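So you can see what is in the structure, the chains are spelled out below.
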Protein chains: 2
Amino acid sequence: MEKEKKQCKDLSLRETARFLKRHDNFIILTHASPDGDTLGAGYALFYGLKEIGKIAAVICADVIPGKFKFFVHETDVVPLEGSTVIAVDVAAKGLLGSLEETFGDIVNLCIDHHISNSRFSDYLCLDANASATCEIIYELLEEMGVNINTDAANAMYTGIATDTGCFKYSNVTAKTHLIAAKLFEFEIEPAKINKIMFDTKSRNLLELERMVLDTAEYHFDNRCIILSVTAEMQEKTGCSGSELDSIAVISRCVEGVICGVSIKQTGAEKFKISLRTYPPLNASEIGKELGGGGHAAAAGASMNGSLNEIKEKILAVLKPKMEAIDAGISSC
Amino acid sequence: MEKEKKQCKDLSLRETARFLKRHDNFIILTHASPDGDTLGAGYALFYGLKEIGKIAAVICADVIPGKFKFFVHETDVVPLEGSTVIAVDVAAKGLLGSLEETFGDIVNLCIDHHISNSRFSDYLCLDANASATCEIIYELLEEMGVNINTDAANAMYTGIATDTGCFKYSNVTAKTHLIAAKLFEFEIEPAKINKIMFDTKSRNLLELERMVLDTAEYHFDNRCIILSVTAEMQEKTGCSGSELDSIAVISRCVEGVICGVSIKQTGAEKFKISLRTYPPLNASEIGKELGGGGHAAAAGASMNGSLNEIKEKILAVLKPKMEAIDAGISSC
């Protein structure tokens, strides 16, 4: 008999709370290349479960960046056999990274805020209106009536702050601010957290940004900026990986620019492209045409070729869209 | 008979609400070089007073920057004679700029959140725990029971967001987030406002930042960064005034730096110094020694001489403080 396609059942907050109370041993999975929200959600859930006597482990495929260590403490050792597997902020099993092989098909419950969630788990607690998975975790802990300790509160604040650009983006709702206000009751250190998350750049990154600004090219009447990060720059400064995210941030902040492009070298003739757009441009569409994908305002792609070839390809994809805008066509 | 020194009487929120209801014609003054909080407070108060049939004008000594125009509409023409004069977010009459001459000594009510308020008005509604004067205005409008329209809500959100670095700084409290949550009820456009206030840099400013990063000098084991903005850079890029504030922001974000110094040329041998420090350094102390002043974390001074002379003076003031830190002395 062929294996049937798994059914995924939606759970409300109350049902999820009951589900957690009914089980005892948990393995909590975060996504690979962990960010503040997946780690905040994972650890806040861990601390909440500990408060009611459960056993739980938090597992991540990749090394946890040092800046999150203030809310990360050792978790329990939990055998896979007989445990309940939970994934937090994981929209698809592929995002589990190297954990996918072991856990991809045996996730019991996924708690997430991505509308694109691929429903790979047995049960799904999804709130696509939540700015961060940590918003859902807060409501869940409240629903369960468990004590929130300072570590859990710091973790949830970090998740919400990092997923909203510190309450800056359009995913913020009144509820986001209400939860933030409530988290202040638990002796969190928001200013310290925000300094670490948003206002700390290494000297090397500053040096790399200087080099990258030298590469700035403007196209289509300054509506498009292209910033390039070569392998040489990365070697010289020692900056790589998620540290380079700040380049895409620069590209989306330039006045008049509706398409910010960052091109990051990842190999001899290999580049990773980040796209940041404003309406009527749609980053997701552009990303797709370049062989990648993403969201309406932020997308990306991996491309092969020389830096100049790649720039030409990107400009070729953008040209008809910019012309459509000039001609008054509203969606492109 | 000599003029007696003016007495300044403190008013509670409730007393301030009653004061406003008792009077009919208002002149609302903002401080010079207006920012989001003084304008947000002034206009939100104006819209609130209009809702209950009062006549009011908002006056500022300087031109209102274009980025605030979305909540700025024409106010009434109010004769000085018989009007009640209110200052919002104005800590001392000197900050009224060119309005000081006419209004400095006849301010009836000041609504402010600066603990340093010099009590130059007849009445003072001060809440030094408020992150922004707009927080106080929100509570005042609520206390008065007046309708809050979208313009007033956008104005107050702008004031709170700009005075807190979008909820990032240590002046944010649970109340700040609660008020933000309430403002969401009034159809405000937070993401749009935040994009304008925090995520928009002109191409010229980006070019100037690139030039300024080329000037970066590190001292005292990388604990001090000095960034310089020459007159030539300002001429080349056309960037000046408050646009250059972003340079001080860069200086405070470098990892390991506890003293960020920006030196901005303002004349042939004239420079304005911005200091951004972290404990145990105290920017206010350093600023004073350089002939200026300010707050514990942010201060400034105006200095004459060549760029090199000024750098040397600053380093000479910093040297004993850095040595004291090295020797384990905790406050300097």
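Residues numbered from 1 in each chain as written. Chains lettered and ligands numbered in written order. Predicted model: local features only at pLDDT ≥ 70, side-chain atom pairs only at ≥ 80, totals over all residues. Heavy atoms only, no water.

## A few points about unusual backbone geometry
Geometrically, the link from Pro 279 of chain A to Pro 280 of chain A is a cis peptide bond, its omega value of 5° lying close to zero. Among the secondary structure elements, Pro 280 of chain A is positioned in the loop between strand S10 (270–277) and helix H11 (283–289). Even without a glycine there, the phi angle at Phe 220 of chain B is positive, about 50°. With respect to the helices and strands, the residue Phe 220 of chain B is situated in the loop between strand S7 (217–219) and strand S8 (224–229). (Helix = DSSP H or I, 4+ residues; strand = E, 2+ residues; numbered from the N terminus.)

## Focus on the domain arrangement of chain A
How big an interface is tends to be stated in terms of accessible area lost as the parts join. Each domain of chain A was delimited in the assignment, giving domain 1 (9–198) and domain 2 (203–326). Measuring from the centre of the C-alpha atoms in domain 1 of chain A to the corresponding centre in domain 2 of chain A gives 31 Å. (Domains from an automatic or database assignment.)

## With respect to the interface of chain A and chain B
Taken residue by residue, the interface counts 37 residues in chain A and 37 residues in chain B. Roughly 3,300 Å² of surface becomes buried between chain A and chain B when both sides are summed, with 63% attributable to carbon and sulfur atoms. With its nearest N and O atoms 2.6 Å apart, the salt bridge here joins Asp 214 of chain A to Arg 210 of chain B. Here chain A and chain B share 19 residue pairs in polar contact (both at pLDDT 80 or more) between them. Residue assignment for the side of chain A that touches chain B shows that the elements contributing at least two residues are helix H6 (174–183), helix H7 (190–198) and helix H8 (203–214) of chain A. (Contact = heavy atoms within 4.5 Å. Buried area = accessible area lost by both parts, 1.4 Å probe. Salt bridge = Lys/Arg side-chain N within 4 Å of Asp/Glu carboxyl O. Polar contact = N/O pair within 3.5 Å; in protein donor to acceptor, adjacent residues only side chain to side chain.)

## Notes on the sheet that holds strand S4 (residues 84–88) of chain B
Residues and elements named next belong to chain B. Read from one edge of the open sheet, six strands run S1-S6-S5-S4-S2-S3, paired in parallel fashion. Sheet topology places strand S1 (9–10) and strand S3 (55–59) at the edges, where each strand pairs with a single neighbour. Set on the sheet, helix H1 (residues 13–22) makes contact with S1, strand S2 (25–29), S4, strand S5 (109–112) and strand S6 (123–126); between it and S5 the angle comes to about 135°. Against the sheet, helix H4 (residues 133–144) touches S4, S5 and S6, its axis set at about 115° to S5. (Pairing = 2+ DSSP bridges. Axes fitted to C-alpha atoms, helices over the stretch in contact; angles between N-to-C directions.)

## Some remarks on the packing of aromatic side chains
Residue and element names in this part refer to chain A. Within the structure shown, the criterion is met by 17 aromatic pairs over all chains. Ring centres 6.1 Å apart and planes at 50° place the aromatic pair Tyr 157 and Phe 167 in the tilted group. Of the two residues, Tyr 157 sits in helix H5 (residues 150–163) while Phe 167 sits in the loop between H5 and H6, which places them ten residues apart along the sequence. An identical accessibility class is assigned to Tyr 157 and Phe 167; each is buried. Relative to Phe 184, the ring of Tyr 157 lies with its centre 6.5 Å away and its plane at 80°, an arrangement referred to as edge-to-face. Residue Tyr 157 is found in helix H5, and its partner Phe 184 is found in the loop between H6 and H7; the two are separated by 27 residues along the sequence. (Phe/Tyr/Trp six-rings, centres within 6.5 Å; stacked < 30°, edge-to-face > 60°. Buried < 20%, exposed > 50% of the residue type's maximum accessible area, 1.4 Å probe, protein only.)

## Concerning the relation of the copies chain A and chain B
You can overlay chain A on chain B at an RMSD of 0.1 Å; the transform is a turn of 180° with a shift of 0.0 Å along its axis. Taken together, these values place the two copies in the relation of a two-fold axis. By C-alpha distance to the rotation axis, the residue of chain A lying nearest is His 177 of chain A, at 2.5 Å. Mapped onto chain B, 100% of the interface residues of chain A again fall at the interface, so both copies present the same surface. (Least-squares fit on C-alpha atoms with pLDDT ≥ 70 in both.)

## Focus: the nonpolar core
As a rule of thumb, soluble globular proteins bury nonpolar side chains together. Counting residues in each nonpolar core, the largest one holds 106 residues, and the members touching the most others are Leu 20, Ile 111 and Met 156 of chain A together with Leu 20, Ile 111 and Met 156 of chain B. In contact with Leu 20 of chain B, other than residues within four places in its own chain, are Phe 26, Leu 45, Leu 49, Lys 54, Ile 86, Leu 109, Leu 140 and Met 144 of chain B. By size, the runner-up hydrophobic cluster in this structure holds 34 residues, among which are Met 211 and Ile 225 of chain A together with Val 254 and Val 257 of chain B. (Core = buried A, V, L, I, M, F, W, Y, C linked by side-chain atoms within 4.5 Å.)

## Examining the pattern of salt bridges
As enumerated under the stated definition, the model contains 39 salt bridges over all chains in all. Of the charged contacts in the structure, one is a salt bridge between Arg 210 of chain A and Glu 207 of chain A, with a shortest N-O distance of 3.0 Å. Of this pair, Arg 210 of chain A and Glu 207 of chain A both sit in helix H8, three residues apart, which is roughly one turn of the helix. According to the relative accessible area criterion, Glu 207 of chain A is partly exposed, its value standing at 30%. Bridged by salt links that share partners, the residues Glu 207, Arg 210 and Asp 214 of chain A together with Glu 207, Arg 210 and Asp 214 of chain B form one connected network.

## Notes on the packing of H5 of chain A against H7 of chain A
Residue and element names in this part refer to chain A. Remark: H5 packs on H7, axes separated minimally by 10 Å, with the N-to-C direction vectors making an angle of 45°. Put simply, H5 runs oblique to H7. In the packing of H5 onto H7, the handedness of the crossing is right-handed. Each of Asn 154, Tyr 157, Thr 158, Ala 161 and Thr 162 in H5 lies in contact with H7, whose residues at this interface are Pro 190, Ile 193, Asn 194, Met 197 and Phe 198. (Parallel < 35°, antiparallel > 145°, perpendicular 65-115°, else oblique. Left-handed = near helix turned anticlockwise from the far one by under 90°.)

## Side note on the environment of Tyr 43 of chain A
Residues and elements named next belong to chain A. Topologically, Tyr 43 is positioned in helix H2 (residues 36–51). For Tyr 43, a relative accessible area of 5% gives the class buried. Put simply, Tyr 43 and Ala 130 are 87 residues apart on the chain and 18 Å apart in space, counted from C-alpha to C-alpha. Contact partners of Tyr 43, with chain neighbours within four places excluded, come to Val 58, Ile 64, Phe 71, Val 72, His 73 and Thr 75.

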